[in-house]
Amino acid sequence: MEGLNIKWTKPGVPTPEQFELRRIVFLEEQGFSHANEFDNLDIISHQCLITDSDNKLVGCSRIYPYSEKDAWVLDRIAVMEEFRGKGFGLYVVRVAMNYAQLLGAKRFVLVNAEVSAIPFYQKLGFKVDGEPFMEEHCPVIKMTRPA
Ligand SMILES: CC(C)(COP(=O)(O)OP(=O)(O)OC[C@H]1O[C@@H](n2cnc3c(N)ncnc32)[C@H](O)[C@@H]1OP(=O)(O)O)[C@@H](O)C(=O)NCCC(=O)NCCS
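Reading the values: the criteria
- For every chain, the first residue of the written sequence is number 1, and numbering continues from 1 onward in sequence order.
- In view of the model being predicted, local features appear only for residues whose pLDDT reaches at least 70, and side-chain atom pairs are presented and counted only at 80 or more, with totals across whole chains, interfaces and linings using the full set of residues.
- Helix and strand assignments come from DSSP, with helices taken as H or I runs of at least 4 residues and strands as E runs of at least 2, each series counted from the N terminus.
- The globule rule used here is 2.2 Å times the number of residues to the 0.38 power, and the radius of gyration it is set against is calculated over C-alpha atoms.
- Burial is judged by counting other C-beta atoms within 10 Å of a residue's own C-beta: 20 or more means buried, 12 or fewer means exposed, and anything between counts as partly exposed, with every C-beta placed from the backbone.
- What counts as a contact is two residues whose backbone-derived C-beta atoms lie within 7 Å of each other.
- UniProt positions are given in the numbering used here, feature names are shortened, and annotations may be inferred rather than shown by experiment.
- Residue proximity rests on one test: whether the C-beta atom, placed from the backbone, lies within 6 Å of the molecule or strand.
- A helix is expected to reach a length of 1.5 Å times the quantity of its residues less one.
- Taking the helix axis as origin, the arc is that swept by the directions to the C-beta atoms.

Per an unreviewed UniProt entry, the chain goes by the name GNAT family N-acetyltransferase and belongs to Blattamonas nauphoetae.

Encoded structure:
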């Protein structure tokens, strides 16, 4: 998409901008706890931040290797509310899949996709793998797709 900046950072703590986007979407909007959101997987995750040409926060994701060989987890996928419904969400996931593939991914895993977002991920070729379970107050489910 034109005019967007994509910035990946190596595993470590999220940058202040990544932290802010996740805080707004997952803590303020969706009500997850700080401890759940900023878990110990940040330290092993490559984190993506997408901004627009005015440096406004647009979207984010993080990726890290899954326990099964050649599979990578995509999570913390979010688009700021003002940018939703315009295709940015699909773009955020495609950017994450491309980067994971560069790092060797042959399979993508969403370990805790929000059940409400199943149709969104199905548009990207993901299939449900298992039964829903609760993450804090939110029903989530595993989804996967080949790279
Ligand atoms: C889920 C999210 C990333 C989607 O971002 P978005 O920019 O609105 O998505 P897009 O505009 O790219 O949507 C692409 C398509 O998916 C559909 N879609 C998007 N979110 C959907 C949802 N929650 N349920 C059903 N369909 C959805 C859109 O209608 C659109 O369909 P179309 O191509 O037929 O018009 C965004 O709503 C978000 O950040 N939500 C809060 C955080 C969150 O829930 N993240 C997912 C955690 S698993």
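Trainee: Before we move on, can you summarise the overall build of the chain with the specific residues and values?
Mentor: In terms of regular secondary structure, the chain is built from 4 helices and 8 strands. When its helices and strands are written in sequence order, the chain yields β-α-α-β-β-β-α-β-α-β-β-β. Its C-alpha radius of gyration of 14 Å places the chain within 12% of the 15 Å reference for a compact globule of 147 residues. Dimensions of the chain, computed from the C-alpha atoms along their principal axes, are close to 40 × 35 × 30 Å. Relative to its full complement of 147 residues, the chain shows a buried share of 28%. Long-range contacts, defined as pairs at least 24 residues apart, comprise 58% of the intrachain contacts of the chain with a sequence gap of at least 6.

Trainee: Talk me through unusual backbone geometry; I want residue IDs and the actual numbers.
Mentor: In this structure, Asp70 is a non-glycine residue whose phi angle is positive, near 65°. With respect to the secondary-structure elements, Asp70 resides in the loop between β3 (57–65) and β4 (71–79).

Trainee: So what's going on with the UniProt feature "domain: N-acetyltransferase" (unreviewed entry) in the chain? Residues and values would help.
Mentor: UniProt marks residues 11–147 with the feature "domain: N-acetyltransferase" (unreviewed entry), using the numbering shown here. End-to-end, the C-alpha atoms of residues 11–147 are 22 Å apart, and along that stretch the chain is 28% helix and 34% strand.

Trainee: Run through the site of the ligand, naming residues and quoting values.
Mentor: With respect to spatial proximity, 18 residues lie near the ligand, and among them Arg84, Gly89, Leu90, Pro119 and Phe120 are the closest. Put simply, the parts of the chain that give the shell around the ligand at least two residues each are β4, α3 (88–102), β5 (107–114) and α4 (118–122).

Trainee: If you had to explain the environment of Val95 to someone new, which residues and values would you point to?
Mentor: Checked against the element boundaries, Val95 lands in helix α3. The class for Val95 is partly exposed, based on 19 C-beta atoms found within 10 Å. The sequence separation of Val95 and Ile6 amounts to 89 residues, and the corresponding C-alpha distance is 8.4 Å. If we ignore the near neighbours within four places in the chain, the residues touching Val95 are Ile6, Cys48 and Ile50.

Trainee: Give a description of α3 that names residues and reports values.
Mentor: Across its 15 residues, α3 extends 21 Å between first and last C-alpha, which sits within 8% of the 21 Å expected from 1.5 Å per residue. Burial in α3 covers these residues: Gly89, Val92, Val93, Ala96, Met97 and Ala100. Summarising the axial view, the buried residues of α3 lie within an arc of 130°, below the 170-degree limit, and thus occupy one face. Turned more than 90 degrees from where α3 packs its buried face, Arg94, Asn98 and Leu102 sit exposed. Turning to α3, the residues buried within the fold contact β2 (46–51), β3, β4, β5 and α4. The positive-phi residue at the C-terminal boundary of α3 is Gly104, with phi of around 110°.

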